[in-house]
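Architecture and fold: a report
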Amino acid sequence: MKVEQLAYFIEVCRSKSMSTASERCHVTQQTISASIKSLEQEFGVVLLDRTNRGVELTEAGEVFFEESEHILNLSH
């Protein structure tokens, strides 16, 4: 897990959109998507439910979001 992955995940959670997160993070949507898929594979859980209208946090995603914010705040 990399700090960038947490930052991307947090931005997706806040914006509820991978495309909006990619714009705000100045990376491609594919980078955001691959980063989140990597986190999901690393931890063996689905973090986001992807829909045509955006994304929603799963139960595991909600916990991971809270912890990610805490970790990112500690690193700054």
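Heads up: the structure comes first, above all this text.
Now for a description of the structure that goes with this document. The structure presented is a predicted model; accordingly, all values stated were derived computationally and were not measured. (Residues numbered from 1 in each chain as written. Predicted model: local features only at pLDDT ≥ 70, side-chain atom pairs only at ≥ 80, totals over all residues. Heavy atoms only, no water.)

1. Comments concerning the state of the cysteines
Taken as a whole and assessed by the stated rule, the structure comprises zero disulfides. Looking at the unpaired cysteine 13, the closest cysteine sulfur is the one in cysteine 25, lying at 11 Å. By relative accessible area, which is 21% here, cysteine 25 ends up partly exposed. (Disulfide = S-S within 2.5 Å. Buried < 20%, exposed > 50% of the residue type's maximum accessible area, 1.4 Å probe, protein only.)

2. Here's the deal with helix H1 (residues 3–15)
Compared with an ideal rise of 1.5 Å per residue, which puts 13 residues at 18 Å, H1 spans 18 Å between its outermost C-alpha atoms and is within 8% of the ideal. Buried residues of H1: Gln5, Leu6, Tyr8, Phe9, Ile10, Glu11, Val12, Cys13 and Ser15, and no others. Remark: lysine 16 follows H1 within two positions and exhibits a positive phi of approximately 55 degrees. (Helix = DSSP H or I, 4+ residues; strand = E, 2+ residues; numbered from the N terminus. Expected span 1.5 Å × (residues − 1).)

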